[in-house]
Every structure is written in structure tokens, then in C-alpha cells.
Amino acid sequence: MQDTLLRGRTLTFHHRPEGVEDTAAYSYVENGAVLMRGAKIIASGDYDQVRKAGPQAEVIDHRPHLITAGFIDTHVHFPQVQVIASWGRQLLDWLNGYVFPEEARFIDPAHADEMAGRFLDLLSDHGTTTAVAFCSVHATSVEAYFTAAAARNMRMIGGKVMMDRNAPDNLRDTPQSGFEDSAELIAKWHGKGRAGYAISPRFAITSTPEQMEMTAALVQAHPDCHIQTHLSENRDEIAFATSLYPKARDYLDIYEGYGLLNDKMLLGHAIHLGSREVGTLAETGAHPVFCPTSNLFLGSGLFDDARLRGAGTNNGIASDIGAGTSYSMLQTLNEGYKVLQLQNQSLHALQAFDWITRGNAQVLGLADRIGTLEAGSEADVVVLDARATPAMALRMERVETLADELFLLQTLGDDRAIVQTYVAGQPRKRAN
Ligand code: GUN
Ligand code: ZN
């Protein structure tokens with residue numbers, strides 16, 4: 001098998017950095033390299049050492065650029081690629097007015113195929129190598145999604161949304177059909193190649209108690225699948241959801257009551273939470289997911305990262321396309337930094353880059369496979385240029401430290417700063 005050696009400055013994380021002085025949290029090598037054999041990383045670190053491990057390797061010289069693990073997006077809606085940037089509404093009106101009509105189009109396999117391919121290519125153009133996506137209610141959309149991911153050998157997680165009420169007729173399943181379609185898709189796709197299935201009740205508003213029961217049965221039968229849904233994004237949503245489940249103590253208790261909370265569960269948004277909910281998220285290991293560009297775009301509110309982490313949760317960060325406004329995890333960090341600034345929380349650039357790589361991998365329980373440049377990891381790698389635009393190059397003239405460079409990348413960078421994205425060892429970036 002041909003070895004490929006990527007030469008450049010390498011950066012990989014071992015744990016979440018406490019701050020800039022926490023140098024044990026990461027390895028940064030100026031004269032660095034990553035050696036890939038097929039779809040795996042077999043060595044990384046000092047160039048001379050790595051070269052010895054792969055004397056026959058083809059060398060791709062990315063100097064002076066920065067090489068990191070590929071980015072991971074823990075919450076995104078692939079059928080919303082043509083919803084992004086839809087004007088003027090907040091969550092429930094936005095769903096009814098823009099999202100549901102668009103998702104209805106995914107019953108057509110040709111449309112779903114076309115959008116799945118374009119979605120995945122956009123992700124890799126932006127440096128994202130793994131994502132967790134909601135597909136539409138139609139099994140066809142999941143087929144399209146995993147088929148397109150397999151063709152690119154991308155590690156992708158996803159599932160069909162289950163929704164049996166408060167949605168148009170052509171977007172509703174039933175408790176039984178939601179269960180059966182999900183079970184069939186799990187049997188066909190989960191663990192096949194790099195695919196992972198996420199059991200996906202859309203949110204409490206669009207699932208009856210009967211559907212929640214069937215969801216619980218799916219979760220019990222498939223404990224190694226992820227589970228994804230939405231939680232406490234918007235005040236009207238919370239009022240509606242809790243009115244539909246009057247016995248629940250709060251929004252989270254709806255999901256808790258069906259036994260859905262565990263460390264495989266991803267809860268998008270998690271903004272307006274009571275202290276009981278925060279404590280329960282921490283106790284169960286369920287993961288709140290911060291979606292900053294979406295939360296600002298829909299005017300939903302400010303995710304309180306410090307409060308949740310202080311209680312002991314392990315939070316993800318995500319684009320939430322199509323309420324989110326950028327495919328770029330760099331731009332997601334840019335807006336995330338501002339959301340946290342509004343609450344006097346300063347996200348450090350080293351923490352930020354750890355978050356979109358190793359941190360999100362850990363949230364997914366996949367840190368042994370993706371999210372770092374460690375030997376044995378899958379070869380999902382990005383190459384970053386902090387001088388990608390004239391404004392970035394000008395600012396770089398005054399940058400002296402790695403942390404400053406990373407902060408510049410996350411503040412001013414987007415797909416133009418992605419020089420190359422390697423997915424399972426193969427270059428996937430299209431021209432800027
Ligand atoms: N809540 C339920 N469905 C959705 C969705 O598609 N996007 C967002 N942002 N919130 C949701
Ligand atoms: Zn979402």
C-alpha cells in the first residue's frame with residue numbers, strides 16, 4: 001500500500017487545554033509530518049522521525065501550512081442545504097414556513113442523491129470530515145446520505161427523522177413505520193464501512209408518546225447507535241413541547257421519561273435549561289450541542305457553556321445547517337466565541353481547535369478513531385492556511401504565537417483557509 005507523507009507544522013490535542021500555558025494538552029511540531037498508509041495515520045510528529053517510518057512515502061509538502069485532524073460537526077440537517085439563509089423567522093415559523101416544504105422534496109431519490117453528494121462535498125471543502133446529520137423522514141434520504149458517504153469513504157453518522165405529528169401529511173411517519181424504517185436502516189447501514197446510525201426523533205413537538213415509546217424500544221435494541229434530537233432551543237418551543245407532555249417536570253424530562261438519556265445522546269441547542277435539567281444532563285452523560293450560528297440566526301438565545309461544563313457535561317459544537325449560517329467549523333467557532341463573550345466566557349483558541357477535533361470526537365465516543373493525528377487514527381486531516389485572504393495575510397504579519405494564529409484562523413477563516421482536506425487518506429478539497 002502506498003504511503004503518503006504530509007509535511008508541514010502539525011498540531012494535535014491530547015485533552016482539552018485549560019489555557020495557553022497548558023502545553024501538555026497538545027503537541028505542536030514546527031518541522032512536522034503526518035504519515036498515512038491507505039486510510040490510516042501510521043505516524044506523526046517530528047519530520048525526521050516520521051520520514052524514517054516511511055522512507056518510501058510520497059511526500060506532499062504543505063509547508064508553511066498547519067496540519068490538524070479533520071473537523072467534526074455534531075449536529076447538521078442535510079436536507080436543509082437549500083434552506084440555509086431563509087429570512088425573517090424564529091424556530092417554529094421557520095420550520096413550518098421553510099424547512100418542512102423543503103424536506104418534503106427528499107421523497108424523490110434523485111433529489112436526495114444529488115443533495116447528499118453536494119452536501120458532503122461542501123463539508124470536505126470546509127474541512128469537515130465527520131458529521132452527525134438528521135436526514136428527512138424518508139428512508140430514501142438516508143439511503144442517499146450513506147451511499148454518498150460510502151462513495152467518499154467518509155465517517156458519517158445520521159438517521160431518518162421520526163415525526164408523527166405537528167407536521168404536514170407528507171412528512172409524517174407513524175410510530176410503527178418510524179420504528180420499522182429505522183430498524184431496517186440500522187440493519188443495512190450501522191457499522192457498514194464508516195457509517196454509523198443515529199436514532200433521530202426530531203423533537204418532542206413532532207413525536208407522539210407512542211412514537212417516543214417506539215424510539216425507546218429502538219434505543220434498547222440498538223444500544224451502540226447514537227441518538228439525536230433537539231432540546232430547549234426557543235421559548236415558544238419549550239411551552240409547546242411541555243404542553244404536549246403535561247406530566248413531564250420540564251422539557252428534558254420528556255426524553256428522560258422514555259429512557260433516552262445516555263452518553264450516546266446528542267441534544268441540539270440546550271439553551272434555556274433549569275438547574276434540574278443541567279444536573280440530569282451531567283448525571284446521564286448526555287451531550288448538549290452548541291450551535292452558535294443557528295442560535296444567533298434564529299434569535300434563539302445564548303448557550304451557557306460554562307454553566308453546563310461546571311456541572312460536568314461534555315458539550316459538542318456544531319453548525320446546525322440550515323438554521324446555521326456556515327458550513328465552516330471555523331466560522332462556527334467565530335460566532336461561538338461571540339456568544340460566549342456576551343456571557344463573559346472567553347473561549348481560548350486552543351480550546352476551540354481541540355473542541356472541533358478531539359473534543360467533538362470524544363463527544364461521539366470516537367476519539368480512538370478520529371479527531372487526532374495519533375498513529376492508529378483514521379487519516380482524516382486538514383491543512384490550514386492562515387494567510388488565505390489579503391486581510392488574513394495582513395493580520396498574520398503581527399502574529400507571533402500559535403494561539404494567535406489559531407484565533408486568527410477561527411475569526412477570519414472559512415473554506416478559503418482550507419488548503420486540503422484528506423478523507424481516509426484521499427484529497428477531497430475542490431478548488432477555492
Ligand atoms: N427543532 C426541530 N427541528 C429543527 C430543525 O430542523 N432545526 C432547528 N434549528 N431546530 C429544530
Ligand atoms: Zn437541528
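Figured I'd write up the structure that's included with this text. What you see as residue numbers is a count from 1 along each chain, following the sequence as written. Lettering of chains starts at A and numbering of ligands starts at 1, both following the order in which they are written. For this predicted model, a pLDDT threshold of at least 70 governs which residues receive local features, and a threshold of 80 or more governs which side-chain atom pairs are given and counted, while totals over whole chains, interfaces and linings are taken from all residues. Side-chain measures here rest on the full set of heavy atoms in the structure, leaving out hydrogens and waters.

Only protein atoms enter the 1 Å grid used here. Points where a 1.4 Å probe fits but cannot escape make up a cavity, open sets with protein on both sides within 12 Å along at least five of seven lines make up a pocket, and a residue lines them when an atom lies within 4 Å of a point. Grid points are joined across faces, edges and corners, and a volume is the space filled by probe spheres set on the points. The space that makes up the largest pocket amounts to roughly 210 Å³. Taken together, 15 residues make up the lining of the largest pocket; nearest its centre are Arg155, His190, Gly196, Leu366 and Arg369.

Our next topic: the coordination of the zinc ion (ligand 2). Within the first shell, the zinc ion (ligand 2) binds the protein through His75 (NE2), His77 (NE2), His230 (NE2) and Asp320 (OD), at distances of 2.0 to 2.8 Å. Every donor residue of the zinc ion (ligand 2) comes from the same chain, spaced as H-x1-H-x152-H-x89-D. Separated by 245 residues along the polypeptide, His75 in strand β5 (residues 71-77) and Asp320 in the loop between β13 (316-317) and α12 (329-341) bring together distant segments of the chain. Whether a residue is buried, partly exposed or exposed follows from its accessible area with a 1.4 Å probe, protein chains only, as a fraction of its type maximum: under 20%, in between, or over 50%, in that order. On the basis of relative accessibility, which here comes to 2%, the residue His75 falls in the buried class. Any nitrogen, oxygen or sulfur atom within 2.8 Å of a metal ion counts as a donor, with the limit raised to 3.2 Å for Na, K and Ca, and since water is left out, coordination shells can look unfinished. Per the convention used, a helix needs a DSSP run of H or I reaching at least four residues, while a strand needs a run of E reaching at least two, with both numbered from the N terminus.

Put simply, a nonpolar core is a bunch of buried Ala, Val, Leu, Ile, Met, Phe, Trp, Tyr and Cys residues held in one set by side-chain atoms that sit within 4.5 Å of each other. The biggest cluster of nonpolar side chains holds 108 residues, and the ones touching the most others in it are Phe119, Tyr255 and Phe353. Contact between two residues is taken to exist if any of their heavy atoms lie within 4.5 Å; hydrogens are not considered. Setting aside residues no more than four positions away along its own chain, Phe119 makes contact with Val76, Phe78, Val81, Tyr145, Met156 and Tyr327. One finds Ile72, Ile157, Leu266 and Leu364 within the second-largest nonpolar core, a separate group that totals 13 residues.

Aromatic ring pairs: the centre-centre distance and the angle between the two ring planes describe each pair. Note on aromatic contacts: the rings of Phe and Tyr and the six-membered ring of Trp form a pair at centre separations within 6.5 Å, being stacked when their planes are under 30 degrees apart, edge-to-face when over 60 apart, and tilted otherwise. With the rule as written, the count across this model stands at 12 aromatic pairs. Judged by centre distance (6.3 Å) and plane angle (80°), the ring pair of Tyr245 and Tyr258 falls under edge-to-face. Placement of Tyr245 in the loop between α7 (235-244) and α8 (251-257) and of Tyr258 in the loop between α8 and β11 (265-269) is noted, with a sequence separation of 13 residues between them. An aromatic cluster of three or more residues is present, and its members are Phe78, Phe106, Phe119, Tyr145, Phe146 and Trp189. We note Arg16 situated over the ring of Trp355; from NZ or CZ to the ring centre the distance is 5.9 Å. Only lysine NZ and arginine CZ atoms are considered, and such an atom sits over a ring when it is within 6 Å of the ring centre and within 35 degrees of the ring normal.

Moving on: the pattern of salt bridges. Between Lys or Arg on one side and Asp or Glu on the other, a salt bridge is scored when a side-chain nitrogen of the former is within 4 Å of a carboxyl oxygen of the latter. Overall, the coordinates contain 23 salt bridges when judged by the stated rule. Ionic pairing is found between Arg9 and Glu405, a salt bridge with its closest N-O pair at 2.7 Å. Placement of the pair is Arg9 in strand β1 (residues 3-13) and Glu405 in helix α15 (residues 402-412), with a sequence separation of 396 residues. Note on accessibility: Arg9 and Glu405 belong to one class, buried. When the shortest N-O distance is used, the salt bridge between Asp250 and Arg276 registers 2.7 Å.

With that settled, consider empty space enclosed by the protein. For the structure on display, the rule yields three cavities of 30 Å³ or more. Lining the largest cavity are 13 residues; nearest its centre among them are His77, Leu91, Leu95, His230 and Glu233. Among the elements that make up the lining of the largest cavity, the one with the highest residue count is helix α2 (residues 91-103) (three residues). Classes in brief: Ala, Val, Leu, Ile, Met, Phe, Trp, Tyr, Cys and Pro nonpolar; Asp, Glu, Lys and Arg charged; the others, Gly included, polar. Among the residues making up the lining of the largest cavity, the classes are represented as six nonpolar, four polar and three charged.

Let's shift gears to the packing of α12 against helix α13 (residues 349-363). Contact pair α12 / α13: the axes reach a minimum separation of 9 Å and the direction vectors enclose 125°. Compared by their axis directions, α12 and α13 come out oblique. The element α12 and its partner α13 pack so that their crossing is right-handed. Residues Met329, Leu330 and Leu333 of α12 pack against Ala352, Phe353, Ile356 and Asn360 of α13. Split into classes, the residues belonging to the contact of α12 with α13 amount to six nonpolar, one polar and no charged. Lines are fitted to the C-alpha atoms to define the axes, a helix being fitted only along its stretch in contact, and any angle between axes, read from their N-to-C directions, falls within 0 to 180 degrees. By definition in this entry, angles of less than 35 degrees are roughly parallel, angles greater than 145 are roughly antiparallel, angles of 65 to 115 are roughly perpendicular, and the rest are oblique. By convention, the crossing between two helices is left-handed when the near helix turns anticlockwise from the far helix through less than a right angle, and right-handed when the turn is clockwise.

This brings us to the site of ligand 1. By convention in these notes, a residue is near a molecule or strand provided one of its non-hydrogen atoms lies within 4 Å of it. Near ligand 1 you find His77, Gln80, Leu91, Trp94, Leu95, Arg202, Phe203, His230, Glu233, His269, Asp320 and Ala323, and these make up its full shell. At 2.9 Å, a side-chain N or O of Gln80 approaches an oxygen atom of ligand 1. Glu233 places a polar side-chain atom, nitrogen or oxygen, 2.7 Å from a nitrogen atom of ligand 1. Per-residue and other accessible areas were derived by the Shrake-Rupley procedure at a 1.4 Å probe size, with only the shown protein chains allowed to occlude residues. The protein chains hide 100% of the 280 Å² of surface that ligand 1 would expose on its own. Here the criterion for a molecule occupying a pocket or cavity is that more than half of its atoms lie within 2 Å of the pocket grid points. Judged by the fraction of its atoms near the pocket grid, ligand 1 is located in the largest cavity. Under this definition, polar contacts are N or O atom pairs within 3.5 Å; protein pairs additionally need one hydrogen-donor-capable and one acceptor-capable atom, and for neighbouring residues in sequence, both atoms have to be side-chain atoms.

Another aspect to go through is the environment of Gln56. Structurally, Gln56 can be placed in the loop between α1 (47-53) and β4 (58-69). A relative accessible area of 71% means that Gln56 is categorised as exposed. For the pair Gln56 and Gln2, spaced 54 residues apart in sequence, the C-alpha to C-alpha distance is 8.2 Å.

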